[in-house]
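# Residue-level structure breakdown
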Amino acid sequence: MKDLTVFVLTHNRKELLLETIQSILHQTCHDFKFIVSDNSSDNETTKLLTENNLLDKFEYRKRNKEYTGSEHLNLCLSEVDTKYFILFHDDDIMLPNMVERLYSVINGSDYAAVGCNAYIMKDYYCTKKMLLRGQKNIVLKTPENMIKQYLNAYSIVPFPSHIYDKEKLKKLKFTNLAEKHSDVVWLLQCNEIASILWLSDVLMYYRQHSYQDSNSYDYIAQLKLIAYFRKFIKNDDKLL
């Protein structure tokens, strides 16, 4: 799997990062490039990784300044030099077969990306869990297909669950068109280029806690996302 890079993007969440890192180190396959991209405003993450003797387990990149979320994502995109890549969050956890399963599906396929459903951890300490699982695999052939899933589906497909094909997406960048929903815009842009597969497999823990963006509601960002949806849906008022 030397043609895969797994990025963990971290920003001032060292208390959650260690579990994320351990979940990647304990994957059923290990022949991929593992990079921790540290966009923190201080050196606490560096200190933590040093104290836990982890710096020799992966490539650690401490950024020379604090980037915005989209800037950080684009910086990592610019550094991908493998055929496939994953952009993982510093507060989520991979189940042991996540990398192997995603890679086995996208490798040699025509998909722009492959994602999965997830366990949802309901609290910071992971003491309460709710399992959300799709009933079948879903192939999204167009952005309109994806929008219908976002608006109507009961399952979720978290952004960090996706693996991407670099060659197909080499001209794409993250934008601030919908502010905190830039990940949804990115996935829709990917879907414009090629189909995306959402697996019914449960391959990761998606942690919910008070510090994440999804816990706050931004009306302006939501309206911007809906406006962006309208770019793809012109003749079906029932969706919006």
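Residues numbered from 1 in each chain as written. Predicted model: local features only at pLDDT ≥ 70, side-chain atom pairs only at ≥ 80, totals over all residues. Heavy atoms only, no water.

## Let's talk about the overall build of the chain
Which entries qualify depends on this criterion: Secondary structure is summarised from DSSP: a helix means a run of H or I of at least four residues, a strand means a run of E of at least two, and numbering begins at the N terminus for each. Type-normalised accessible area, obtained with a 1.4 Å probe on protein chains alone, sets the label of each residue: buried when under 20%, exposed when over 50%, and partly exposed for intermediate values. Working rule for contacts: check all heavy atoms of both residues, and any pair within 4.5 Å makes them a contact.
Summing up its helical and strand segments, the chain has eight helices and ten strands in all. Looking at the 240 residues of the chain, the share that counts as buried comes to 50%. Put simply, 80% of the contacts in the chain that link residues at least 6 apart link residues at least 24 apart.

## Notes on unusual backbone geometry
The residue Asn12 is not glycine, and still its phi comes out positive at about 55 degrees. With respect to the helices and strands, the residue Asn12 is situated in the loop between strand 1 (4-10) and helix 1 (14-25). Of note in this structure, Asn53 is not a glycine but carries a positive phi near 55 degrees. Take Asn53: it is sitting in the loop between helix 2 (44-51) and strand 3 (59-62).

## Some thoughts on the side chain of Thr82
Note the following rule: For the purposes of these results, a polar contact is taken to be a pair of N or O atoms within 3.5 Å, where, inside protein, one atom must be able to donate a hydrogen and its partner to accept one; residues adjacent in sequence count only when each atom of the pair is a side-chain atom.
Tracing the sequence through the fold places Thr82 in the loop between helix 3 (69-79) and strand 4 (84-89). Looking at Thr82, its side chain comes within polar contact range of the side chain of Thr5, at 2.8 Å. There is a polar contact of 2.8 Å between the side chain of Thr82 and the backbone oxygen of Tyr84. Excluding residues that lie within four positions of it along the chain, Thr82 makes contacts with Lys2, Asp3, Leu4, Thr5 and Lys166.

## Looking at the nonpolar core
Quick reminder of the rule: As used in this record, nonpolar core signifies buried Ala, Val, Leu, Ile, Met, Phe, Trp, Tyr and Cys residues forming a set joined through side-chain atoms within 4.5 Å.
Of all hydrophobic cores here, the largest spans 35 residues; its most connected members are Leu87, Phe159, Tyr164, Trp186 and Leu188. Elements with a contribution of two residues or more to this core: strand 1, helix 3, strand 4, helix 5 (143-152), helix 7 (182-193), strand 10 (196-207) and helix 8 (219-229). Per element, the largest residue contribution to this core is six residues, and it comes from helix 7. Once you skip the residues sitting within four places of it in the chain, Leu188 turns out to touch Pro143, Met146, Ile147, Tyr228, Phe229 and Phe232. Grouped together as the second largest cluster of nonpolar side chains are 34 residues, Val8, Cys29, Leu54 and Tyr103 included.

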